[in-house]
Structure formats: C-alpha cells, structure tokens
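Residues per chain are reported as follows:
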Amino acid sequence: MSANEERTFIAIKPDGVQRGLVGEIIKRFEQKGFKLVAMKLIQASEELLTQHYIDLKDRPFFPGLVSYMSSGPVVAMEHHTWQ
C-alpha cells in the first residue's frame, strides 16, 4: 500500500443483500473514486460481529445490532482510494 493509498472496509447489510441492491451500492462507491479490491459474501457469526462492533458493546442498541447483522448474508468489501 502506497503512502497516498487509503483502505476502507464497507459492508452491505442483510437488507441490502436481500433487496438485490449489491450492484447499485458498489456502483455508487466506485463513482466516488473507490476501487474494489476484495469482496466476499459471508454469513457473519455473532462472535465476529461482537468483535467488529466491540466499541459499541455498552450501548443499548448493541444486542439488536448484532442480531440484525447476523440475520442474513452480508457482502464484505475492501476498497482503496488514492489521494
């Protein structure tokens, strides 16, 4: 990764996958200058989501967030931008 390159994690949530919006969402990020370098369709476990959202664990909405994000497949992507 070069000094002027920034990596970004983007996830398309279960409702976006279910509604067939994956292509449109990716298109919008690419139009903003993001370059897709990796993508994977996953069923995120509660353990993975708990670790990913660890900074929110004390918030009242945390259990619902983990439940929602584990309710269906998620598209996990890595994008790069150059500045």
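This is a predicted model, so every value here is computed, not measured.

Novice: It is not clear to me how the nonpolar core should be interpreted in this structure. Could you clarify?
Specialist: Across soluble globular proteins, nonpolar side chains show a tendency to be buried alongside one another. With eight residues, the main nonpolar core is built from Ala44, Leu49, Tyr53, Phe62, Leu65, Val66, Met69 and Val74. The element best represented in this core is helix α4 (residues 62-69), accounting for four residues. Not counting chain neighbours up to four residues away, the residues in contact with methionine 69 comprise Lys13, Pro14, Leu49, Tyr53 and Val74. Of all hydrophobic cores here, the second largest spans six residues; its members include Ile10, Val17, Ile26 and Met77.

Novice: Explain the packing of aromatic side chains to me, please; I cannot follow it from the model alone.
Specialist: The relation between two aromatic rings is expressed through the spacing of the ring centres and the mutual angle of the planes. Enumeration over the complete set of coordinates arrives at one aromatic pair. A centroid spacing of 5.4 Å and a plane angle of 90 degrees characterise the contact between phenylalanine 29 and phenylalanine 34, whose relative ring orientation is edge-to-face. A relative accessible area of 26% places phenylalanine 29 in the partly exposed class.

Definitions and cut-offs
Residues numbered from 1 in each chain as written. Predicted model: local features only at pLDDT ≥ 70, side-chain atom pairs only at ≥ 80, totals over all residues. Heavy atoms only, no water. Core = buried A, V, L, I, M, F, W, Y, C linked by side-chain atoms within 4.5 Å. Buried < 20%, exposed > 50% of the residue type's maximum accessible area, 1.4 Å probe, protein only. Helix = DSSP H or I, 4+ residues; strand = E, 2+ residues; numbered from the N terminus. Contact = heavy atoms within 4.5 Å. Phe/Tyr/Trp six-rings, centres within 6.5 Å; stacked < 30°, edge-to-face > 60°.

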